[in-house]
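Summary of the model geometry
Here is what each chain is made of, one letter per residue.
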Amino acid sequence: MSEDCLFCKIVGGQIPADLVYEDERILAFRDISPQAPLHVLIVPRKHVATLNDADEQDRELLGHILLTAKGIAAENGVQGGYRVVNNCGEPAGQSVFHIHFHLLGGRPMGWPPG
Ligand code: 5GP
Ligand code: ZN
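Residues numbered from 1 in each chain as written. Chains lettered and ligands numbered in written order. Predicted model: local features only at pLDDT ≥ 70, side-chain atom pairs only at ≥ 80, totals over all residues. Heavy atoms only, no water.

1. Describing the overall build of the protein chain
This is how the line gets drawn: In this text, helices come from DSSP runs of H or I with a minimum length of four residues, and strands from runs of E with a minimum of two, each type numbered from the N-terminal end. Our radius of gyration looks at C-alpha atoms and nothing else; its globule reference is 2.2 Å times the residue count to the power 0.38. Should any heavy atoms of two residues lie within 4.5 Å, those residues are counted as being in contact. Here the open area of atoms and residues is found with the Shrake-Rupley method and a 1.4 Å probe, where only the protein chains shown may cover a residue. In this tally Asp and Glu are treated as negative and Lys and Arg as positive; neither His nor the chain ends contributes. Where a charge lies is defined by one atom per residue type, namely NZ (Lys), CZ (Arg), CG (Asp) and CD (Glu).
A count of helices and strands for the protein chain gives two helices and five strands. Scanning the protein chain from its N terminus toward the C terminus, one meets helices and strands in the order α-β-β-β-α-β-β. Rg of the C-alpha trace for the protein chain: 14 Å, near the compact-globule value of 13 Å for 114 residues, within the 12% margin. Each principal axis of the C-alpha distribution contributes one length, and for the protein chain these read about 40 × 30 × 30 Å. A separation threshold of at least 6 residues defines the contact pool for the protein chain, and within that pool the share at least 24 residues apart is 52%. Carbon and sulfur atoms make up 53% of the accessible area of the protein chain, which amounts to about 6,700 Å² in all. Here the protein chain contributes 9 positively and 14 negatively charged side chains, and the mean placements of these two sets differ by 7 Å.

This is the structure in structure tokens:
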């Protein structure tokens, strides 16, 4: 738990979120500003600021997040095509410094990203 972290507050229930999945390790909730028909953020309950702050102990947790993304995509009917994104650091577009993975689906997506 990090005092003034937005996603720690969502994990702690101090700020409401539209949850789509939760277990003892992670939470998934809809992005407040969706960029696709399905736009879910998957976050660990424990505070890790960025992917660069994750370490060997987080290996299983990170794998769990990816496999959960696959499950949520399937439950929402987008298993044929979706994107999982982690923005690491401000230059990459990270604005909330509690590690999270965007799951986006339900529309065609271009590559490379802008
Ligand atoms: P980042 O830019 O760090 O990769 O992604 C942060 C995401 O968090 C953005 O897509 C933004 O829309 C989302 N976000 C910011 N504040 C809130 C909030 O209070 N609730 C929810 N559900 N999403 C938020
Ligand atoms: Zn946090």
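After that view, the rundown keeps rolling.
2. What about the packing of aromatic side chains?
This is how it is decided: For Phe, Tyr and Trp, where Trp contributes only its six-membered ring, two rings pair if their centres lie within 6.5 Å, and the inter-plane angle classes them as stacked under 30 degrees, edge-to-face over 60, or tilted in between.
Under the definition given, this model contains one aromatic pair. On the numbers, 5.4 Å between centres and 80° between planes, the contact of Phe7 with Phe29 is edge-to-face. Remark: Phe29 occurs in strand 2 (residues 26-30) and Phe7 occurs in helix 1 (residues 6-12); sequence separation between them is 22 residues.

3. Description of helix 2 (residues 59-75)
Under the convention used in this document: Residue count minus one, scaled by 1.5 Å, sets the expected span of a helix. Burial classes follow relative accessibility: with a 1.4 Å probe on protein chains only, a residue under 20% of its type's maximum area counts as buried, one over 50% as exposed, and anything between as partly exposed.
Taking 1.5 Å per residue as the helical rise, helix 2 with its 17 residues ought to reach 24 Å, and the 25 Å between its terminal C-alpha atoms agrees with that figure. Among the residues of helix 2, Leu61, His64, Ile65, Thr68, Ala69, Ile72 and Ala73 are the ones counted as buried. Looking at the buried positions of helix 2, the neighbouring elements they touch are strand 1 (19-22), strand 2, strand 3 (38-44), strand 4 (82-85) and strand 5 (101-105). Phi for Gly77, located one or two positions after helix 2, is positive at around 75°.

4. A short note on the nonpolar core
Note the cut-off: Among buried residues, those of type Ala, Val, Leu, Ile, Met, Phe, Trp, Tyr and Cys that are joined through side-chain atoms within 4.5 Å constitute a nonpolar core.
With 15 residues, the main nonpolar core has Val40, Ile42, Ile72 and Leu103 as its most contacted residues. With near-sequence residues (within four places) excluded, Leu103 lies in contact with Leu38, His39, Val40, Ala69, Ile72, Ala73, Tyr82, Arg83 and Val84. One finds Phe7, Phe29, Leu41 and Val43 within the second-largest nonpolar core, a separate group that totals 10 residues.

The values are spatial; any link to function lies outside them.
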